[in-house]
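One-letter residues, chain by chain:
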Amino acid sequence: MFSSVLPAFLIITADFTRIPQSLYSELPYPEQLSEKTIINSLSCPIALSATQARKIQLSSQGLTNGNSKDRSTRATLKTIQQLGYIQIDSISVIQRAHHHCLWSRLPRYQIEHLDQLLDSGQIFEYWSHAAAFLPMRDFRFSLPRKQAIASGEKHWFDKDHKLVRDILQRIHQEGPLQAKDFEQRKTANSGWWDWKPAKKALEQLFMEGQLMVAGRQGFQKVYDLTERVLPADADTRLPSDEEFYRHLIIQHLQANGLAKPANISYLRKGLLKPIQQQCQIMQHDGELVLIKVKDQQYYALPQVTDLLNKKVSRSKVHILSPFDNLLIQRQRTRELFDFDYQIECYVPAQKRQYGYFCLPLLWGQQFAGRLDAKIDRKTGVLRLLHLHLETNKVEAFLDALKPALTDFMLFNQGKRIEVQRISHYQQDLNANNQQQWRQMLTNPNSG
């Protein structure tokens with residue numbers, strides 16, 4: 001029945017929200033596939049509007065209504081498993097990015113959750129496209145990179161074999177150690193690129209997989225031997241190339257809904273071509289479908305259009321981290337959201353357009369501005385250094401932004417909000433505009 005009906009739908013409509021759910025229930029899921037399916041025999045991809053594509057990605061990312069009342073570590077682990085990773089970052093002008101990204105999806109998230117999950121062996125630290133917390137269930141898929149680095153592939157630094165042996169011996173004998181536990185040799189202008197030799201060696205051993213992060217103290221890594229950190233039941237089988245590529249593809253699509261091979265292989269050296277080839281094989285075998293949004297083509301899992309039935313708020317404001325999983329793929333953000341974002345903390349101050357650590361403001365299913373903010377931890381003041389508005393529905397947006405700012409202030413353990421500057425993408429604001437909008441955001445009785 002399915003094969004006789006589906007082509008008609010594909011020919012007459014691009015609105016897949018109208019296709020009965022029962023029809024999709026007959027699609028085989030990846031683990032059930034043994035032969036080509038009808039959907040892959042069609043040369044035309046499924047056409048979706050940009051609005052539908054945005055809804056799919058936001059639903060996949062867990063950025064829907066944000067009304068979850070679950071404050072358990074179980075909910076935090078489930079979110080990390082869905083996203084595939086949470087990027088770790090040291091910038092602390094507001095709450096650090098790894099906590100911020102989880103809070104954006106779990107309003108009751110507690111910052112101690114990551115330490116608890118790390119201590120219990122349910123997550124681990126390693127490298128995704130950057131330093132990240134990853135689900136322990138995916139540990140085996142960190143092994144190809146570790147093996148490559150142990151076999152001589154350079155990560156950042158040349159390997160000091162003698163120092164590596166000495167460090168391993170000390171940790172074996174003394175237990176978990178931090179970089180500061182080794183003799184320091186600092187340069188005048190110390191930075192991550194001129195770490196002291198022991199720190200470089202520790203990171204080399206970490207990237208090779210001989211050491212793991214047992215925890216953090218004051219945000220500094222505590223290293224220990226892998227065999228003393230890794231849970232006894234961890235899956236340590238080295239995946240085949242095909243298993244590894246399939247994992248990257250399926251995990252990325254579960255987290256993002258739709259993607260190009262370049263998205264899936266982002267910052268993964270040498271993987272673009274094999275990912276392209278594996279996507280083609282999986283699409284040919286019915287495990288992936290093609291999606292077309294405007295003039296761009298993406299891969300997706302066969303059940304992707306089920307996500308169009310999920311509710312995504314049209315009015316809630318999410319104050320996102322610059323390192324949020326939704327935003328890391330800047331090109332895809334431009335394509336789907338028409339939002340051009342660049343983090344400016346690495347840009348010289350005189351060349352910054354919006355601010356040092358600008359936070360994208362997601363209003364429903366569109367970006368409506370960005371906010372450079374800083375928490376003064378001594379006074380509890382959350383300073384909005386620069387609020388840049390990118391919508392013409394200013395008052396409606398500010399009404400929606402106000403409760404989000406209050407929640408964000410409390411998340412950062414703040415007590416009050418201070419607005420310093422407001423700008424608009426089309427208007428030059430006069431003093432009256434600035435004052436009126438400041439009052440809307442800071443006056444408890446407004447809005």
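Quick caveat, the model's predicted, so the values are computed rather than measured. (Residues numbered from 1 in each chain as written. Predicted model: local features only at pLDDT ≥ 70, side-chain atom pairs only at ≥ 80, totals over all residues. Heavy atoms only, no water.)

(A) Quick peek at the overall build of the protein. In terms of helices and strands, the protein carries 17 helices and 14 strands. When each of the 447 residues of the protein is scored for burial, the buried share is 55%. A sequence separation of at least 24 residues applies to 65% of the contacts in the protein between residues at least 6 apart. Carbon and sulfur atoms make up 47% of the accessible area of the protein, which amounts to about 21800 Å² in all. (Helix = DSSP H or I, 4+ residues; strand = E, 2+ residues; numbered from the N terminus. Buried < 20%, exposed > 50% of the residue type's maximum accessible area, 1.4 Å probe, protein only. Contact = heavy atoms within 4.5 Å. Areas by Shrake-Rupley, 256 points an atom, 1.4 Å probe, with all protein chains shown as cover.)

(B) Structural detail: helix H14 (residues 272-284). Relative to the 18 Å expected for 13 residues at 1.5 Å per residue, H14 spans 18 Å between its end C-alpha atoms, a close match to the ideal helical length. Within the span of H14, buried status applies to Pro 274, Ile 275, Gln 278, Cys 279, Met 282 and Gln 283. Along the axis of H14, the buried residues cluster in a sector spanning 170°; they form a single face. (Expected span 1.5 Å × (residues − 1). Arc of directions from axis to C-beta.)

(C) Inspection of the packing of helix H8 (residues 143-150) against helix H10 (residues 197-208) at higher detail. The interhelical angle for the contact between H8 and H10, taken along N-to-C directions, is 130°, at an axis separation of 7 Å. Taken together, the axis directions place H8 and H10 in an arrangement best described as oblique. Note on element contacts: H10 touches H8 through Gln 204, Met 207 and Glu 208, opposite Arg 145, Lys 146, Ile 149 and Ala 150. In the contact of H8 with H10, the residues fall into 3 nonpolar, 1 polar and 3 charged. (Axes fitted to C-alpha atoms, helices over the stretch in contact; angles between N-to-C directions. Parallel < 35°, antiparallel > 145°, perpendicular 65-115°, else oblique. Nonpolar A, V, L, I, M, F, W, Y, C, P; charged D, E, K, R; others polar.)

(D) Region of interest: the pattern of salt bridges. On inspection of all chains with the given rule, the structure shows 19 salt bridges. In this structure, Asp 138 and Arg 137 form a salt bridge, with 3.9 Å as the shortest nitrogen-oxygen distance. Accessibility expressed as a relative area gives 48% for Arg 137, which makes it partly exposed. As a salt-bridge pair, Glu 418 and Arg 383 come within 3.2 Å of each other at their nearest N and O atoms. Here Glu 418, found in strand E13 (residues 416-419), pairs with Arg 383, found in strand E12 (residues 381-389); they are 35 residues apart in sequence, far enough to count as distant. Taking the relative accessible area as the measure of exposure, Glu 418 reaches 25% and is therefore partly exposed. In the salt-bridge network here, residues are joined through shared partners; they are Arg 140, Asp 235, Arg 237 and Glu 243. (Salt bridge = Lys/Arg side-chain N within 4 Å of Asp/Glu carboxyl O.)

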